[in-house]
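Chain residues, written in single-letter form:
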Amino acid sequence: MAPVTRVYDWYGDGRLLVADLGLACCTLEFEAATLGRPEVDPAVHLASSPAALAVVVSGTVPDALVPVVHQAVAALGRETGCTPAVVAYGACASSGGPYWDSYAVADGISQFLPVAAYVPGCPPPPGSLEDALAGLVGAPA
Amino acid sequence: MTGTHGSIRLVEDRCTSCMICARECPVWCITVESHTEPDADQAGARRPRLHNVLDDFTIDWSVCMYCGICIDECPFDALEWAEGHVPAGPTPIALVHHRQELAPPTG
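Residues numbered from 1 in each chain as written. Chains lettered and ligands numbered in written order. Predicted model: local features only at pLDDT ≥ 70, side-chain atom pairs only at ≥ 80, totals over all residues.

Notes on helix H5 (residues 126-137) of chain A
All names here are of chain A. Heads up, the rule is: Secondary structure counts use DSSP, requiring at least four H or I residues in a row for a helix and at least two E residues in a row for a strand, with both numbered from the N terminus. In this scheme, a helix's expected span is set at 1.5 Å multiplied by one less than its residue total. Once C-beta atoms have been placed from the backbone, residue pairs whose C-beta atoms lie within 7 Å are recorded as contacts.
The end-to-end C-alpha separation of H5 is 17 Å, in line with the 16 Å expected for 12 residues at 1.5 Å each. Where the residues of H5 are buried, they touch strand S2 (16-22), helix H1 (26-34), strand S3 (52-58), strand S4 (85-89) and strand S5 (117-119). Glycine 138 sits one or two residues past H5 and shows a positive phi near 95 degrees.

Remarks on the sheet that holds S4(A)
Residues and elements named next belong to chain A. Rules: What makes two strands pair is DSSP finding at least two bridges between them. The convention used is that axes are lines fitted to C-alpha atoms, helices contributing only their stretch in contact, and that angles between N-to-C directions extend from 0 to 180 degrees.
Taken in spatial order, the five strands make up an open sheet running S1-S2-S3-S4-S5, and their pairing is mixed. At either end of the open sheet lies a strand with only one pairing partner, and these are strand S1 (7-9) and S5. Adjacent strand axes in the sheet meet at a mean angle of 25 degrees, parallel and antiparallel pairs treated alike. Of the strand pairs in this sheet, S1 and S2 are connected by three bridges, and their pairing is antiparallel. Bridge pairing in S2 links tyrosine 8 to valine 18.

Quick notes on the environment of Ala117(A)
Position of Ala117(A) among the secondary structure elements: in strand S5. Sequence separation of Ala117(A) and Ala51(A) is 66 residues, and the distance between their C-alpha atoms is 18 Å. Filtering out sequence-adjacent residues up to four positions away, Ala117(A) remains in contact with Val87(A), Ala132(A), Gly135(A), Leu136(A), Ala88(B) and Pro90(B).

Structural notes on the packing of H1(A) against H5(A)
All names here are of chain A. Filter applied, for reference: Our angle categories are set so that under 35 degrees counts as roughly parallel, over 145 as roughly antiparallel, 65 to 115 as roughly perpendicular, and the remainder as oblique. Crossings are sorted by hand: turned counterclockwise from the far helix by less than a right angle, the near helix makes the crossing left-handed, and turned clockwise it makes it right-handed.
At a minimum axis separation of 8 Å, H1 and H5 run at an interaxial angle of 70 degrees. Taken together, H1 and H5 sit at an angle that is classed as roughly perpendicular. Considering only the axes of H1 and H5, their crossing is right-handed. Here Glu29, Phe30, Ala32 and Ala33 of H1 come into contact with H5, specifically with Pro126, Leu129 and Glu130.

Points about the interface of chain A and chain B
Listed by partner, the interface residues are 21 residues for chain A and 18 residues for chain B. Those elements giving two or more residues to the side of chain A that touches chain B turn out to be helix H4 (91-95), S5 and H5 of chain A. Per-element accounting of the side of chain A that touches chain B gives the leading share, five residues, to H5(A).

Topic: the environment of Leu53(A)
Residues and elements named next belong to chain A. With respect to the helices and strands, leucine 53 occurs in strand S3. Taking the C-alpha atoms as reference points, leucine 53 and proline 84, separated by 31 residues in sequence, lie 5.0 Å from one another. Here leucine 53 is in contact with Leu17, Pro42, Thr80, Cys82, Pro84 and Ala85, once residues within four sequence places are set aside.

Brief notes about H1(A)
Residue and element names in this part refer to chain A. Selection criterion: Here a residue counts as buried when 20 or more other C-beta atoms fall within 10 Å of its C-beta, as exposed when 12 or fewer do, and as partly exposed in between; the C-beta atoms come from the backbone. As used here, the arc belongs to the directions running from the helix axis to the C-beta atoms.
Within H1 the residues assigned to the buried category are Cys26, Glu29, Phe30 and Ala33. An end-on view of H1 places all buried positions within 100 degrees of arc, on one side of the element. With its phi angle positive at about 80 degrees, glycine 36 sits one or two positions after the end of H1.

Remarks on the UniProt feature "domain: NADH:ubiquinone oxidoreductase-like 20kDa subunit" (unreviewed entry) in chain A
The cut-off we apply is this: UniProt positions are given in the numbering used here, feature names are shortened, and annotations may be inferred rather than shown by experiment.
Within this structure's numbering, the places UniProt gives as "domain: NADH:ubiquinone oxidoreductase-like 20kDa subunit" (unreviewed entry) are residues 49-134 of chain A. Counting secondary structure, residues 49-134 of chain A comes out at 34% helix and 17% strand; the distance between its end C-alpha atoms is 19 Å.

Things to note about the sheet that holds strand S2 (residues 30-38) of chain B
Residues and elements named next belong to chain B. An order of S2-S3-S5 is seen for the three strands of this open sheet, with the pairing classed as antiparallel. Edge positions in the sheet fall to S2 and strand S5 (96-97), since each of these pairs with one other strand and no more. By the bridge criterion, nine bridges tie S2 to strand S3 (residues 50-60) in an arrangement that is antiparallel. Note that in S3 the partner of threonine 36 across the bridge is asparagine 52.

Given below as structure tokens:
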């Protein structure tokens, strides 16, 4: 299984790597935020220079995908040797969003993962992801 | 792009605690807490009239869809779109904003 398909060098200076774990519509906003950012191989990158690592979970997480998301974050941690900071991007990842009362949807990824930041919105604008990531590593230069 | 749909604010002077916003919200992210008090100018009346007094008003931004139905439905225009997207929070509880945080900036 290749769980995490894309990892971006967010500021282009190696300070922050951001992995994409997109499940539903919020991912479109995440992709808008990644435009023009270089992709990297996280294992290679982190072997040469230390950097913060974040994984952005965007979209609805149905119960059936809980183990997949959990394993994807664990696999990213294994590949890179560091614990990624998890960002819940959008209402579904934060709390279940409009599906909080559904029998088939997790009430947010904090049910099974430690989360560093919750970004509100349905969907959140790309700019609020910038602010949340800047809050994790300090404001960009 | 975020424009004026960044967040929603509560103008308390206009709110009558009627609960229409909370009932119309498709995702149930609004809570209204209130109690009733007798009208001051009805002190000697045989049957005093009561009015609602708002105790707390919350919006859970970790659930809100920003659909604006609460704003459309409020009969008293007590809810308004506001600029500036609600920033990320460290916990889901931090994204539950109370009346002080929902009030328009003073001054």
